[in-house]
Structures are given as C-alpha cells and as structure tokens.
Amino acid sequence: MGKANFQRPKGTADLFEENVREWQRIEQQAREIFSRYGYGEIRTPMFEAFDVYARSAGDTSDVVTKEMYDFNDKGDRHMALRPEGTAGVVRAYVENKLFGPEHESPYKTFYMGPMFRYERPQAGRFRQFHQIGVEAFGSTEPSLDAEVITMVVKFLAALGLKDLKVALNTLGDQGSRQAYRDALVAYLQPHAAELSKDSQTRLEKNPLRILDSKDENDQKIVADAPTIFDYLSDESKAHFEAVKTFLDDLGIDYEIDQTMVRGLDYYNDTIFEVMTTDPNLKGAATIAGGGRYSGLVEEFGGPETPGIGFGLGVERLISLLQAQGQAEMKPAGLDFYLVHIGDETQAKTLELATALRDLGYSADLDFTGRSVKSQFKTANRRDARFVITLGDEEVQTNKVQVKDMQTGHQADLDLAQVATDVADVVATLVAEEEK
Ligand code: HAM
C-alpha cells in the first residue's frame, strides 16, 4: 500500500461560509427570477448510465471522448457522473412521461448543482463545477427562444453583473446543417494541410467545430468560409428572424456571431452564449451557453418534442462578480453577541441566546472561556449589531443593558420580558441612530 492521499482532488474546491453565502445569493436569485417566468425546479441524479450522456452530447464531442468521469459500478453497469444537466433532465422528462396531457406545455424547468468533466484545470475550468440551468420542452415558438435568452440576461443583471454580451447564432435545422456541413468541408478540404491538428481531426468528425477554433491560423482560413446563413431553410431563416425581432422588442442586446458553435452536438436552430467583454477575464469569458435541440426527447424514446435551454457556470459567474466588486464575500453578521462574565452566568446567557434565536434574531456567545475583553473583540469581529453583557449582577436583578455597537447607545431589557420587549428595545436603539 502506498502513502495515503488526503488531498482535495484536482479541479475541485472547498467552499466556506463567506463563499457559500454568495452562492446562496445567486441560487436564491435564480429561484426567484426563474419562478417569475414559470419555471419549476427539477432534481435529477448526479450520475446516470453512461449512454445517457454519450448519446446526447455526441460521440465526437470532447465531453464524451475525453472528459467523462465514467466507471463500472459493482453490478458492472457502465455509469458516469453528469458532465452537464440537459441529458439527465431529458431522460427524466421521457421516463416520467412529462409530455403527457396532465402536464403543462411547454414544460419549463430549472436545476442547479455540480457537474463533472475531466478537463485540464485552469482559470474558469474545473473538474467539479456547478451549473444553473433551464430547459423548456414542447414549443417551437421563437418567442420561447427570446424568453429564455431574456431570462438569463435579467438574472445576471439582477445580480449586478455588467459588461455582458449575448452572442447569437443559428445552426439551422437538420437539412440546413447537412447542406452547410458539406459546403464547409468542400471549402476547408483544400486548406486541410494548413489546419491545426485538432481541426484536421474535426474536418472529418465534426467540421462545424473548426469555426470556433482558437488557433489563429485556423481563424484566418475560417474567415472566408461560407456561413450557415447561406444554407438556412426558409423555416430556419424565418425562425431566426423572429427570435431577433422579439429580442429587439424586449430591448435585449445581442450580437450575431457566425463562428459560434457549441461544444455539445445536440443543438439546432438558435444557439447563444453570454460572455463578458471585460478583457481582463478572458479565461472565464463564457458564463452561459445554450440553445434549441430537437432530437433529444426522441433519442431517449419519447415523442418528437423540441427543447431549448441554457447552462450557466456558477464558478465563472462568481469570479466575474468578484472582479466587478459585486460579490458579497463575507460571513453573516450577528444581531446579538452575549458577553458573559464568570461561570455562574453561563446558563442564563445560553437561555437568553436561545430566547433571542426563537424570536428570529441571530445570537451567539463564547464557548471557549475567553476573557471579557476578548469576548468584546469577538463581538466586533463577528460584526454584532448589539452586545448584551451578563455578570452576576445582571443575573441577580434579571435586567441587562443592550448596547448598540454602531452608536454606543444603551437601553434596558428585562430578562423576564424578552419576548415582549426586545423588539421595542431594538427599534428604539435603531431609531436613535437614524435621528
Ligand atoms: P456548456 O456550454 O457545455 O453547455 O456549459 C455551460 C456553462 O457551464 C459554460 O458556459 C460554463 O460557464 C460552464 N462550464 C462548462 N464546463 C466548465 C468547467 N469545466 N468548469 C467551469 N465551468 C464550466 C451545457 O452544459 C448545456 N447543457 C447547456 C444547455 C442547456 N443547452 C441547452 N440546455
């Protein structure tokens, strides 16, 4: 047996209170805004049969070929940790027959939680990361595309994020895409030798992905390539035009990006990404991505049902919020810190803390035998608004002083009447500050 390894796995993180509070703020905002748009939360397993992801993401996608956390379980079933949210939600949609007449259509749902991809860890790229995502099934209306894009923009704006850009493109329907694929290959073939190694592989397997190659020379070659717009069917063209018009009407800014393709293979028609234009944050540029997909529900054995959705990377969102000074990275403060002097006061102090907590206040006290001076220091460090000191005298008279740490003002509180009086005491002290 080798030396035990007790280190956190590469590309994962431990989060503590100050961090987690920002996560909760984001999650709460998502729940609030998404429910305004009629989306309900769904929770699906963090692992599924390998095929669930392999079939949906596309056999040639990086996610499936290189990044899957897959394993055989003790029953020798080939399983994988979820690399993204869409596949599991589609699987659940089909398995639970959510397309049935007793369910709302479109069926609009959102999720949040950890996703796993075996990627090379770097800025904005982790092996366990978290997505907030949405999916809506059962409508081909372009107004739904506009609604989904609007919702992600409103959500990010509500969090205080600035310098955002929505990049919009269309991949057309199956027919448009096939025609375009052929045209693209015909254009790229004569340049094959000049393409990067990755792109050479893609030329056969997934030529559209060459369009968003990061290689400079590839980009030069791609600049003159035909665009999907020349190959769109009338229907796809009309759909895309309508999406743009709805977005214009709603005042949502976007930019058409003809070279944008997505890393997962299930998309058709509208695709979009939300990114920051802040040049200092290149590694974490894309915060959210999504689009329409039409074949997935069928692929899982359900009736032909269109879907649309997006996934948003929470770690990337947070680093952006931090960079823009919009993230609140500090622990929760306290309403009350109770300083107690001497052993005899411990019981009474704990009792008071419990009573305050029952009334809805946050309250804490020392459990480590600190000196009075150090208890006051703790109260400051914990950002306590009010401090109550309990010594022998207070225990005997059953009366304490509530000190407002912001103003230094004090007020009396009868310990026999905490439940009826404390709200008034707090209100009086706070009112004095506002005078
Ligand atoms: P995706 O573009 O693969 O789409 O991922 C969505 C977002 O997840 C990315 O924009 C990024 O913010 C974040 N993300 C992806 N990989 C990592 C990583 N290794 N580390 C940190 N963040 C990452 C999807 O997953 C689709 N399921 C979105 C969708 C839903 N399309 C339709 N419905």
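Residues numbered from 1 in each chain as written. Predicted model: local features only at pLDDT ≥ 70, side-chain atom pairs only at ≥ 80, totals over all residues. Heavy atoms only, no water.

Engineer: For this particular structure, what's the right way to read the UniProt feature "binding site: L-histidine" (unreviewed entry) in the protein?
Structural biologist: Within this structure's numbering, the places UniProt gives as "binding site: L-histidine" (unreviewed entry) are Glu 84, Gly 85, Thr 86, Arg 117, Gln 131, Glu 135, Arg 262, Tyr 266 and Tyr 267. Positionally, Gly 85 belongs in the loop between β4 (78-81) and α4 (86-95). Judged by its relative accessible area of 6%, Gly 85 falls in the buried class. Other than its neighbours up to four places away in sequence, Gly 85 contacts Tyr 111, Met 115 and Gln 131. Residues contacting Tyr 266, with those up to four places away along its chain left out, are Ser 56, Ala 57, Glu 84, Thr 86, Arg 292, Tyr 293, Ser 294 and Leu 296. In terms of polar contacts, Tyr 266 uses its side chain to reach the side chain of Glu 84, at 2.5 Å. (UniProt positions renumbered as here; feature names shortened; annotations may be inferred. Helix = DSSP H or I, 4+ residues; strand = E, 2+ residues; numbered from the N terminus. Buried < 20%, exposed > 50% of the residue type's maximum accessible area, 1.4 Å probe, protein only. Contact = heavy atoms within 4.5 Å. Polar contact = N/O pair within 3.5 Å; in protein donor to acceptor, adjacent residues only side chain to side chain.)

Engineer: I tried to follow helix α8 (residues 216-223) on my own but got confused; where do I start?
Structural biologist: In an α-helix, one full turn covers 3.6 residues, which means residues spaced three or four apart are oriented alike. Among the residues of α8, Asp 218, Ile 221 and Val 222 are the ones counted as buried. For α8, the angular spread of buried residues about the axis comes to 100 degrees, placing them on one side. For α8, the exposed residues set more than 90 degrees away from the buried face come down to Glu 216, Lys 220 and Ala 223. Contacts made by the buried residues of α8 are with α6 (174-188) and α7 (197-205). Where α8 starts, the residue carrying a side-chain oxygen 3.0 Å from the main-chain nitrogen of Asn 217 turns out to be Asp 215. (Arc of directions from axis to C-beta.)

Engineer: Just checking my understanding: could you explain the packing of helix α1 (residues 17-36) against helix α11 (residues 314-323) for this structure?
Structural biologist: Remark: α1 packs on α11, axes separated minimally by 11 Å, with the N-to-C direction vectors making an angle of 110 degrees. Between α1 and α11, the crossing angle belongs to the class labelled roughly perpendicular. Residues Glu 22, Trp 23, Arg 25 and Ile 26 of α1 form the contact with α11, whose own contacting residues are Val 314, Glu 315, Leu 317, Ile 318 and Leu 321. Each residue belonging to the contact of α1 with α11 can be placed in one class, and the counts come to 6 nonpolar, no polar and 3 charged. (Axes fitted to C-alpha atoms, helices over the stretch in contact; angles between N-to-C directions. Parallel < 35°, antiparallel > 145°, perpendicular 65-115°, else oblique. Nonpolar A, V, L, I, M, F, W, Y, C, P; charged D, E, K, R; others polar.)

Engineer: Looking at this structure, I do not really get the pattern of salt bridges. What am I missing?
Structural biologist: Side chains that differ in sign of charge can pair as their charged atoms come close. The tally for this structure, following the rule as stated, stands at 24 salt bridges. In this structure, Arg 125 and Glu 119 form a salt bridge, with 2.8 Å as the shortest nitrogen-oxygen distance. We classify Arg 125 as partly exposed; its relative accessible area is 29%. A salt bridge links Lys 244 to Glu 241; the shortest N-O distance between them is 3.2 Å. Linking Lys 244 with Glu 241, this pair stays in helix α9 (residues 234-250), spanning 3 residues, or about one helical turn. Given a relative accessible area of 17%, Lys 244 falls into the buried group. (Salt bridge = Lys/Arg side-chain N within 4 Å of Asp/Glu carboxyl O.)

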